[in-house]
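Chain by chain, the residues:
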Amino acid sequence: MIIPLIKPFITKEVKDKVIEVLDSGYLTEGKVTKELESVFQKYIGCKYAIAVTSCTTGLEVALRCLGIGPGDEVIVPDYTYPATAAVVTIVGAKAVITDVSKETMLIDYDLIEEAITSKTKAIIPVSLFGNPLDYDRLNQIKEKYNIYIIEDAACSIGAEYKGTKVGNLADISVFSLHPRKFITTGEGGIITTNNQNWADWMNSYKHFGIINDNGREGIIFENIGTNYKLSNVLAAIGLIQMKHIDELLDRRIQLSDHYFSLLKNISEATVPVTTPSGKHNSQSFCIYIENRNTVMKHLRDKGIEVQIGTYALHKYNAFNNNTQIVLKYPFNGSNFSFEHCLTLPLYHDLTFEQQRIIVTELKKLF
Ligand SMILES: Cc1ncc(COP(=O)(O)O)c(C=O)c1O
């Protein structure tokens, strides 16, 4: 028996749409990508959505759009996927890495203020695993220091803060469409913003710097740009999944609630806290336990795919041996999450019975 960690939502409807695109002969970015952008924009309730090749390239585009580069500093959390900090160095700026709260696994808002200098241009907080950020706190900091917020919303489609969807809260937000996320195009990302000038710039930059794409003769290459276009073939997968987003989200939340009730009486397993006034999208279901590695091995031996949460960046050479990185020690929250977080299987057709098997195996170790 194998219970996978995740399972992408690939139905006949998805396959049919991909075949339709393949048969059309239009495989590059085009009409289907535009449809995906439009559906995404409406779902989030923001003004603009721009498809790109990944969350990583989207974050890079966002930083470039805001003119962030050499001489600038950007504050990022230590406990995150490396891309969050890597992109800052890719545009030539310095990433100032600060600790996270052990309770929420999200950036510690007090430490952001301590890390701000006259060179700070932006923060990239991460709504990790679908836990929304506290925008009351973030907006206070933004206004006080006049800095931008670029949200790494890789995991957070459908999450909300005080009734507003993630993607409609920051200056610019960037989602991932990697298969760990429940809307996936294999590889891909979506940038959202409400600022038209930024949207135009980002659209142009990811599209060779073109500003007028009305046919070969009229085309204008206004700026140096790159190619971060998302192909129609990949967009087709996400487009069909977006039709089912409400049911996929509801199902994840239902499964998450079921995990909560199964784990209720197990004092050895605690669950990170959702931001007050926030709606977690249950992208990942994480618990904190002692002896995480022993438990992880036992579950894997039983055919249950489990995983650590994410990474403590300061532990890796790429970040602790790099003149473009400033590490704001100590990293107590990040170290704790890195050592104790365990991610349990969660996907649309996971059953209550499979959850019971997982938690029963887990209990054997306590
Ligand atoms: C928090 C976070 N940021 C960025 C990324 C990178 O996303 P992508 O693979 O779409 O570039 C991930 C991927 O898992 C992530 O979890």
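Residues numbered from 1 in each chain as written. Predicted model: local features only at pLDDT ≥ 70, side-chain atom pairs only at ≥ 80, totals over all residues. Heavy atoms only, no water.

Let's talk about the packing of helix 3 (residues 55-65) against helix 7 (residues 196-205)
Phase 1 of the analysis: Interhelical geometry of helix 3 versus helix 7 gives an angle of 125° and a closest axis separation of 10 Å. Comparing the axis directions of helix 3 and helix 7 gives the class oblique. The element helix 3 and its partner helix 7 pack so that their crossing is right-handed. Each of Glu-60, Val-61, Ala-62, Arg-64 and Cys-65 in helix 3 lies in contact with helix 7, whose residues at this interface are Trp-198, Trp-201, Met-202 and Tyr-205. (Axes fitted to C-alpha atoms, helices over the stretch in contact; angles between N-to-C directions. Helix = DSSP H or I, 4+ residues; strand = E, 2+ residues; numbered from the N terminus. Parallel < 35°, antiparallel > 145°, perpendicular 65-115°, else oblique. Left-handed = near helix turned anticlockwise from the far one by under 90°. Contact = heavy atoms within 4.5 Å.)

Quick notes on the sheet that holds strand 14 (residues 285-288)
For sheets, the rule is that strands pair by backbone hydrogen bonds, running either parallel or antiparallel.
Phase 1 of the analysis: Pairing in this open sheet of three strands is antiparallel, and the strands run 14-18-15 from one edge to the other. Lying at the two open borders of the sheet, with one neighbouring strand each, are strand 14 and strand 15 (307-308).
Phase 2 of the analysis: Judged from the two bridges that link them, strand 15 and strand 18 (residues 341-344) form a sheet pairing that is antiparallel. Note on strand 18: the bridge partner recorded for Ile-308 is Leu-342. (Pairing = 2+ DSSP bridges.)

A closer look at empty space enclosed by the protein
To find leftover empty space, one rolls a probe the size of a water molecule over the atoms.
Phase 1 of the analysis: Applying the stated criterion across every chain, the model contains three cavities of 30 Å³ or more.
Phase 2 of the analysis: Considering only enclosed or pocket space, the largest cavity measures out at about 80 Å³ in volume.
Phase 3 of the analysis: Forming the boundary of the largest cavity are 13 residues, of which Lys-7, Pro-8, Lys-181, Phe-182 and Arg-252 lie nearest the centre.
Phase 4 of the analysis: The class makeup of the residues in the lining of the largest cavity is eight nonpolar, one polar and four charged.
Phase 5 of the analysis: Volume-wise, the second largest cavity comes out at about 50 Å³.
Phase 6 of the analysis: Lining of the second largest cavity is provided by Phe-40, Ala-153, Ala-154, Cys-155, Ser-156, Ile-157, Phe-175, Ser-176, Leu-177, Lys-181 and Ile-183.
Phase 7 of the analysis: Residues of the lining of the second largest cavity, tallied by class, amount to eight nonpolar, two polar and one charged. (1 Å grid on protein atoms, 1.4 Å probe; cavity = no way out; pocket = protein on both sides within 12 Å on 5 of 7 lines; lining within 4 Å. Points joined across faces, edges and corners; volume = space filled by probe spheres on them. Nonpolar A, V, L, I, M, F, W, Y, C, P; charged D, E, K, R; others polar.)

Here we look at the site of the ligand
Phase 1 of the analysis: With respect to spatial proximity, 14 residues lie near the ligand, and among them Cys-55, Thr-56, Asp-152, Ser-176 and Lys-181 are the closest.
Phase 2 of the analysis: A distance of 2.5 Å separates an oxygen atom of the ligand from a polar atom in the side chain of Thr-56.
Phase 3 of the analysis: At 2.7 Å, a side-chain N or O of Asp-152 approaches a nitrogen atom of the ligand.
Phase 4 of the analysis: Summarising the interface, the protein chains cover 89% of the accessible area of the ligand, which totals 390 Å² for the free molecule.
Phase 5 of the analysis: Structurally, the ligand is housed in the largest pocket.
Phase 6 of the analysis: Put simply, the parts of the chain that give the shell around the ligand at least two residues each are helix 3 and helix 4 (83-90). (Near = heavy atom within 4 Å. Polar contact = N/O pair within 3.5 Å; in protein donor to acceptor, adjacent residues only side chain to side chain. Areas by Shrake-Rupley, 256 points an atom, 1.4 Å probe, with all protein chains shown as cover. Sits in = over half its atoms within 2 Å of the grid points.)

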